Structures are given as structure tokens and as C-alpha cells.
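# Understanding the architecture of this molecule
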Amino acid sequence: MVIRKSALLLISPLFFLAACSDEEESKNNNEKMYISSIQKKETFEIQQPAKMNVARGLIVSNMNNTININEIEKGLMNLSVNYFSPNSFYMQEGQYLDKNMINQWLARKTEEGLGLNPPIKNSTGNVLEDEKQNPLFLSHILEQNYINKKSGKIEGMSLAISLNEYYDIRVSDDKGLIYTDQVKVDNTDDDVNDVKNYGKKIAETIVKNIRNHEAMPNVPIYLTLYQESNKNDILPGIFLAETFIGESKDRIDKWTEIDKKDYTFPSDALYSLDQDTYNKLLSFKEEIQKNFKHLNPKAFGKLRYEDGKLADIKIEVHAPLINDTELIALLQFISTKLNAILFDYVPVTIRIIDQKQDVGIILWDPAEKQIFATPIE
């Protein structure tokens with residue numbers, strides 16, 4: 001991303017947002033801690049020289065789309081911050097779970113094998129029907145290593161167990177004919193997530209296998225369950241639960257549920273969840289469309305909620321064939337109207353897109369209490 005420095009716009013700090021009223025001062029400690037955690041998100045430095053994951057490429061063939069791949073890779077690193085401090089640890093791509101080991105776990109369970117996916121029960125002789133009746137739960141296992149900055153040794157490992165919400169079937173019969181289909185893994189109409197429960201069950205086996213493997217470092221393990229979204233969804237899947245296994249331990253004592261969900265704007269789901277925010281975004285969108293009718297702009301958003309609270313806003317404004325002058329005008333207009341959707345502690349990113357290419361960006365930084373806007377090329 002190259003910034004056109006001559007056109008850089010820096011909107012004055014919004015000091016009125018930084019000031020606290022008496023009412024705000026009375027917020028409870030939990031709310032203050034939540035706001036602080038949103039503002040002070042930390043990121044890891046990568047250990048140099050960087051090493052590739054020893055199972056490089058396997059994630060692409062195992063997971064159903066790039067949205068889920070990006071989410072599980074970034075999400076695992078972000079969640080690991082709570083257990084391996086970026087001040088003390090470098091992050092390194094996984095160096096121990098190779099393709100052979102992961103593929104053994106992904107196989108169907110047999111009496112003599114290490115497979116963690118369900119076996120085919122009561123085979124009908126119809127290969128497609130057998131797959132539909134016995135869907136695969138486990139799709140991939142992602143590993144990250146955390147290296148002590150002082151000692152240079154691996155002193156932590158993070159794992160994300162990726163699970164199918166939908167099983168995309170591709171199977172061949174003994175004549176070589178290929179059959180494809182899709183089936184929802186948990187097709188029971190109840191409030192129990194069978195996918196999550198299956199993930200917790202196989203996680204016990206994975207931890208024991210790692211501890212019994214001579215080549216594995218005996219370090220603390222952070223482990224989380226990730227449920228993929230459908231392959232054609234525009235939103236990624238979700239992290240379901242997490243646990244931490246101390247050094248030398250080979251069992252999971254407890255799980256903590258994770259409540260992080262993404263919602264699109266506009267959508268009925270977002271309206272039902274947070275009508276006030278939805279209406280603010282709708283008004284914001286309509287203001288842009290009214291004042292730039294000649295560009296016929298389209299606005300879409302993705303909002304993330306953590307523990308039921310808004311944590312991040314990302315908006316795309318599509319303006320085909322926009323020229324430089326129009327871009328500057330649009331950036332300035334959006335920046336002045338941004339107050340309507342700002343929250344003290346929620347970061348906002350707005351991308352201006354011309355025919356799939358980013359041409360401008362606007363950022364609200366809640367830590368600095370400042371709006372930044374600039375064309376890009």
C-alpha cells in the first residue's frame with residue numbers, strides 16, 4: 001500500500017470523545033477493563049529468520065476458503081496474546097505437526113489407526129450415501145510456536161482445531177466415478193452444538209499424542225476450537241472454546257467458551273442484535289449515497305461482537321470509476337460524518353474501493369482519538 005503523501009488528510013483529534021462525563025465515570029470496572037482490552041490489542045513480532053510451517057500448503061487443501069484460513073491464522077495469534085505475552089515471546093509458524101501427522105489425525109477412525117474422524121458405520125454400499133450419513137468433523141489442525149525472546153527457546157505452543165459446520169463431499173466409487181454433495185454436520189434441531197462437543201472430545205486425544213511424541217517440546221499448550229463457515233459465506237467461521245494445558249500436563253481440566261461473532265451490514269441478523277448501531281450505519285450509508293449520487297456508491301460492512309459487545313467496525317464503500325478529485329471529496333465527507341457511528345473504544349476502518357482496488361482509506365483510532373484519511377495506490 002503506497003500513500004500519496006501530498007494528499008494525506010489528518011482530521012483534528014476529536015477531544016470531545018476523549019473527555020469523560022460524570023455518567024461515564026460511574027461505569028463499572030468490567031466495562032472499563034473491556035474498553036481497555038479493545039484499545040490495547042497487542043501483536044507478535046515474527047521470529048527472524050522466519051520459518052515456514054512444516055505442514056505448509058496443507059491448510060489450503062483442508063479448509064474450504066481463504067476467509068476461514070485468514071481468520072483461523074490471525075485469530076489463533078490474537079487469542080494467544082492472553083497466554084504468551086508479545087513483550088516476552090516471538091511468534092513462529094508451527095515446526096512440529098507435519099503433513100503426515102496431521103493427515104493421520106484427519107483420517108477416519110480405525111482400530112489400529114490414529115484417525116480422529118468418525119468411521120463409516122453400517123455401510124450401505126453407496127459411497128455417497130455413506131459419506132452423508134457419516135460426515136467428517138475434523139478438517140485441519142493449525143500450529144503456532146512461541147519463542148522466548150531472551151532464551152531463544154520454544155516455550156509455548158498454540159493449536160487451533162478446525163471443525164466442519166458443513167461437510168463438502170467428494171468421493172469416488174470402485175469404478176472411479178466421482179460424486180459430490182454437501183451435508184450439515186450437526187443436523188439435529190436442538191440447542192447442543194455437536195461439532196463443538198466432538199472437538200472437545202478429540203482435543204483430549206491430540207494433547208495426549210503430542211505429550212507422548214518424543215520430538216515435541218514439553219511446553220504449555222494453548223488450544224482452541226474453530227468452526228468453519230460454509231465455503232460460499234462472506235463471513236468467516238467462529239472460535240468456539242479455548243483451554244490452556246500447563247507444561248508436562250496431558251489432560252484438559254476445563255474449557256472456556258468464546259463469544260466472538262461477525263455480522264454483515266445490512267442484514268436481518270445485525271438488526272435483530274443491535275438495532276441502534278444498525279440504524280446509525282443505515283443513516284451513514286444513506287448520507288453518502290445522497291451526496292454522491294453521480295458515483296452510485298454502495299456501502300457494506302462487517303461488525304465484530306465480543307461477549308455481546310461491539311468490538312470492531314469495517315466498512316467498504318464501492319465507488320466505480322471515481323477520479324482523484326471525487327476521491328478527496330468523498331474522503332473528506334466521510335471523515336466529517338464519521339462522528340455519527342463512532343464509539344469511544346471501537347476501531348473503525350472504511351475502505352474506498354474502485355472496481356476491486358482500494359483507492360482510499362479512513363481509520364478511526366480509539367486509542368489516539370483521531371481520524372486518519374488518505375488516498376492510496
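See above for the structure.
Structural notes, computed from the coordinates.

Each value, and the rule that gives it
- Residues numbered from 1 in each chain as written.
- Predicted model: local features only at pLDDT ≥ 70, side-chain atom pairs only at ≥ 80, totals over all residues.
- Heavy atoms only, no water.
- Buried < 20%, exposed > 50% of the residue type's maximum accessible area, 1.4 Å probe, protein only.
- Helix = DSSP H or I, 4+ residues; strand = E, 2+ residues; numbered from the N terminus.
- Pairing = 2+ DSSP bridges.
- Arc of directions from axis to C-beta.
- Contact = heavy atoms within 4.5 Å.
- Polar contact = N/O pair within 3.5 Å; in protein donor to acceptor, adjacent residues only side chain to side chain.
- Phe/Tyr/Trp six-rings, centres within 6.5 Å; stacked < 30°, edge-to-face > 60°.
- Lys NZ or Arg CZ within 6 Å of the ring centre and 35° of its normal.
- Salt bridge = Lys/Arg side-chain N within 4 Å of Asp/Glu carboxyl O.

Quick look at the pairing of strand β13 (residues 348-354) now. Of all seven residues in β13, five are buried, a share of seventy percent or more. Sheet topology note: the β13/strand β14 (residues 357-365) ladder contains seven bridges and is antiparallel. Within β14, the residue paired with Ile353 across the bridge is Asp358. Between the antiparallel neighbours β13 and β14 lie two residues, among them Gln355 with a positive phi of about 50°.

Moving on, we come to helix α6 (residues 99-106). Among the residues of α6, Met101, Ile102, Trp105 and Leu106 are the ones counted as buried. Viewed along the axis of α6, the buried residues span an arc of 135°, placing them on a single side of the element. Buried positions along α6 lie against α4 (58-62), β3 (138-148) and α8 (194-211). For α6, the side-chain oxygen to backbone nitrogen distance between the N-cap and Asn100 is 3.3 Å, and the N-cap itself is Asp98.

Note on aromatic pairs: each is described by the distance of the centres and the angle between the planes. Applying the stated criterion to the full structure yields 12 aromatic pairs. Both rings, one in Phe84 and one in Phe244, keep their centres 6.2 Å apart while their planes meet at 55°; by these two values the pair is tilted. Within this pair, whereas Phe84 is found in the loop between α5 (66-80) and β2 (89-93), its partner Phe244 is found in strand β8 (residues 238-245), the two being separated by 160 residues in sequence. Residue classification places Phe84 among the buried positions, given a relative accessible area of 2%. Ring geometry for Tyr263 and Tyr305: centres 5.6 Å apart, planes at 90°, overall edge-to-face. Here Tyr305 lies in strand β11 (residues 298-306) and Tyr263 lies in strand β10 (residues 260-265), a separation of 42 residues in the sequence. The pair Tyr263 / Tyr305 is uniform in exposure class, with both members buried. Among the aromatic residues, ring-to-ring pairing joins Phe44, Tyr83, Phe84, Phe89, Tyr146, Tyr222 and Phe244 into one connected group. Lys184 extends its terminal NZ or CZ atom over the ring of Tyr166, reaching a point 5.8 Å from the ring centre.

Before going further, it helps to spend a moment on the pattern of salt bridges. What the rule picks out here adds up to 15 salt bridges. We note a salt bridge from Lys231 to Asp168, for which the minimum N-O separation is 3.8 Å. Linking Lys231 in the loop between β7 (221-227) and β8 with Asp168 in strand β5 (residues 166-172), this pair joins segments that are 63 residues apart in sequence. Looking at Lys231, the relative accessible area reads 40%, which means it is partly exposed. Note that Asp276 and Lys280 form a salt bridge whose closest N and O atoms lie 3.7 Å from each other. Of the two residues, Asp276 and Lys280 both sit in helix α10 (residues 275-291), four residues apart, roughly one turn of that helix. On the accessibility criterion, Asp276 (48% relative accessible area) is partly exposed.

Secondary-structure assignment places Asp173 in the loop between β5 and β6 (178-184). As a C-alpha pair, Asp173 and Val127 span 46 residues in sequence and 6.3 Å in three-dimensional space. Among residues more than four places away in sequence, those in contact with Asp173 are Val127 and Tyr179. Within the structure, the side chain of Asp173 is placed 3.0 Å from the side chain of Tyr179, a separation counted as a polar contact.

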